[in-house]
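One-letter residues, chain by chain:
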Amino acid sequence: MRNQADMIVGLQWGDEGKGKIVDHMAQTHDVVCRFAGGHNAGHTIVVDGKVYALHLIPSGVLNPDAINIIGNGVVLSPENLIDKELKQFSSLKGKLFISDKAHLLLPYHAQIDQAKERLRKKAIGTTGKGIGPAYADKISRVGHRVGELQNPEKLAQRILNHFDDNKVLLELMEIKRPQEDELIDLLTHYKDELDCYITDTTKLLWELLNENKRVLLEGAQGTMLDIDHGTYPYVTSSNTISAGACSGLGLNPKDIGKVTGIAKAYCTRVGNGPFPTEDFGEDGKKMADVGKEFGTTTGRARRCGWFDAVAARYACRLNGCDQIALMKLDVLDGFDEVKICVKYEFEGEQIDYVPYDLEGVKPIYKSFKGWKSVKGIKEYDKLPDEAKAYIKTIEELTQTRVGVISTSPDRKDTIVLK
Ligand code: GDP
Ligand code: IMO
Ligand code: MG
């Protein structure tokens, strides 16, 4: 029997702390793979006080022995990768592999994203990075794949044809047709910088699994942002749930092993859209201050609120979670009272599932006595009883065990339960 791949996925609206857990788990894995999303993802990882910001490169990159794969399900911005992320590292040759089937996210995708947001009556609050337009081109079969960088002249011509086919629309959005020579130069630069990483990652991953390498699949965003199962249309444009890993890497369901769902001990959301447990008062403000809830990608303030166990149970079922990693428990330190949303009130009724539309849904809370401090605690037995009771309730309500507890941003401050 071949090894199966372990997976981590976000259970809420993104920014749950996936980067920290992937980095932590990467210490015991040989391969880390991204399967969906693009540089809308932002992961902050702290190792011995040093802070790393990652967007496209898998969070396994801080394990010097791990191989990192960017799968075909990702939309890849060469500009962001070359100018921002790769600069943080010396050389990742032989450590990073990019699928030739991943779709290119080019500067005009970001321009379209931003123009559409400006023109919308109700903006989605996207990251403005071009994610939606890049996926739209892929699904409309007019996208361009990373493998096409092999021939910059031919790719340039295809891009210019695309501009000509959509002339009226693009001019309306004030998006300029690139100059042919400048475009060829830019694509040649992308090719020169990225050629050494581009390969058939599906074949590579199959070979690695056949060799019984330990593989970790790294989800981006979160379940409530999934294009099908999230709070549509206030979602991202990919399948963020565990099922997305199969299509996004070329795996089959039998290749998937243990699934760890990442959830904060409270909830945050950045961008617009329904958020039943959002707290507009002092509590939400305190979570934002103590949790430093500002986006890694856009710097926007994240909306904060209490743990939503209804949404978390839904997310655990959708992803097939074997366990939850409960993050940022320390952010709730010092609250007199902490709350968990146990049900929703919807159209005058109490429900315990996520309905078609979360707009107008009201949370029903259970309150708990708060605790003094869990910050930096590394052993479960040292947690205060109140924190243990809070964790136990999350396990009961989500019908999923909490197997990892995080008590600070640092890699070391992590409780792993046997
Ligand atoms: P991701 O997108 O899911 O990888 O999460 P982000 O990196 O965008 O956001 C999580 C933030 O919380 C980062 O700044 C982390 O350094 C930080 N963080 C992760 N775990 C903990 C924790 O247990 N306690 C505290 N205080 N911060 C944490
Ligand atoms: P990580 O991987 C939090 C949100 C945006 C917006 C919506 C659509 O760091 O958890 P998009 O640019 O994807 O079209 O925006 O999705 N969003 C995220 N929110 N964390 C993320 O990634 C996100 N990626 C997208 O804020 O509401
Ligand atoms: Mg993030």
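**Some points on the side chain of serine 238**
- Along the chain, serine 238 falls in the loop between β10 (215-218) and α9 (244-249).
- Using a relative accessible area of 5% as the deciding quantity, one classes serine 238 as buried.
- When neighbours within four sequence positions are excluded, serine 238 is seen to be in contact with Ala36, Gly37, Tyr135, Gln221, Leu225, Asp226 and Ile227.

**What to know about the coordination of the magnesium ion (ligand 3)**
- Donor atoms from the polypeptide that coordinate the magnesium ion (ligand 3) comprise Asp15 (OD) and Gly42 (O), at 2.0 to 2.1 Å from the metal. Note that aspartate 15 is positioned in the loop between β1 (5-10) and α1 (18-26) and glycine 42 in the loop between β2 (31-34) and β3 (43-47), a separation of 27 residues in sequence.
- By relative accessible area, aspartate 15 is classed as partly exposed at 21%.
- The class for glycine 42 is buried, based on a relative accessible area of 12%.

**Remarks on the pattern of salt bridges**
- If you walk through the whole model with that rule in mind, you get 22 salt bridges.
- Notably, a salt bridge pairs arginine 411 with aspartate 23, separated by 2.7 Å at the nearest N-O pair. Taken together, the positions of arginine 411 in the loop between β19 (401-406) and β20 (414-416) and aspartate 23 in helix α1 put the pair 388 residues apart, joining distant regions of the chain. There is no split in this pair, since arginine 411 and aspartate 23 are both buried.
- In this structure, glutamate 148 engages arginine 158 in a salt bridge whose closest nitrogen and oxygen atoms are separated by 2.6 Å. Of this pair, glutamate 148 sits in the loop between α4 (131-139) and α5 (152-165) while arginine 158 sits in helix α5, placing them 10 residues apart in sequence.
- By sharing partners, the salt bridges in this structure join Asp15, Lys264, Glu293, Arg302 and Lys328 into a single network.

**Some details on the layout of surface pockets**
- If you add up the space inside the largest pocket, you get close to 960 Å³.
- In terms of lining, the largest pocket is formed by 47 residues, of which the most central are Asp113, Thr126, Ile131, Gly132 and Ser237.
- Broken down by secondary-structure element, the contributors of at least two residues to the lining of the largest pocket are α3 (107-119), α4 and α6 (167-172).
- Here the lining of the largest pocket gets five residues from one element, more than from any other, and that element is α4.
- Taken together, domain 1 (5-75 + 202-416) and domain 2 (103-196) each give at least three residues to the lining of the largest pocket, which thus spans both.
- For the second largest pocket, the calculated volume is near 630 Å³.
- If you go around the second largest pocket, you meet 27 residues; those closest to its centre are Thr44, Gly291, Lys292, Lys328 and Pro409.
- Breaking the lining of the second largest pocket down by element, the ones donating at least two residues are α1 and β3.
- A breakdown of the residues in the lining of the second largest pocket according to their chemical character gives seven nonpolar, nine polar and 11 charged.

**Points about the site of ligand 1**
- Among the 19 residues in the neighbourhood of ligand 1, the closest are listed as Gly42, His43, Thr44, Asp330 and Ser406.
- For ligand 1, an oxygen atom lies 3.2 Å from a polar atom in the backbone of serine 408.
- Across the complex, the protein chains shield 92% of the 580 Å² of accessible surface that ligand 1 would expose by itself.
- Most atoms of ligand 1, that is more than half of them, are within 2 Å of grid points of the second largest pocket.

So, how was this worked out
- Residues numbered from 1 in each chain as written.
- Chains lettered and ligands numbered in written order.
- Predicted model: local features only at pLDDT ≥ 70, side-chain atom pairs only at ≥ 80, totals over all residues.
- Heavy atoms only, no water.
- Helix = DSSP H or I, 4+ residues; strand = E, 2+ residues; numbered from the N terminus.
- Buried < 20%, exposed > 50% of the residue type's maximum accessible area, 1.4 Å probe, protein only.
- Contact = heavy atoms within 4.5 Å.
- Donors = N, O, S within 2.8 Å, 3.2 Å for Na, K, Ca; no water.
- Salt bridge = Lys/Arg side-chain N within 4 Å of Asp/Glu carboxyl O.
- 1 Å grid on protein atoms, 1.4 Å probe; cavity = no way out; pocket = protein on both sides within 12 Å on 5 of 7 lines; lining within 4 Å.
- Points joined across faces, edges and corners; volume = space filled by probe spheres on them.
- Domains from an automatic or database assignment.
- Nonpolar A, V, L, I, M, F, W, Y, C, P; charged D, E, K, R; others polar.
- Near = heavy atom within 4 Å.
- Polar contact = N/O pair within 3.5 Å; in protein donor to acceptor, adjacent residues only side chain to side chain.
- Areas by Shrake-Rupley, 256 points an atom, 1.4 Å probe, with all protein chains shown as cover.
- Sits in = over half its atoms within 2 Å of the grid points.

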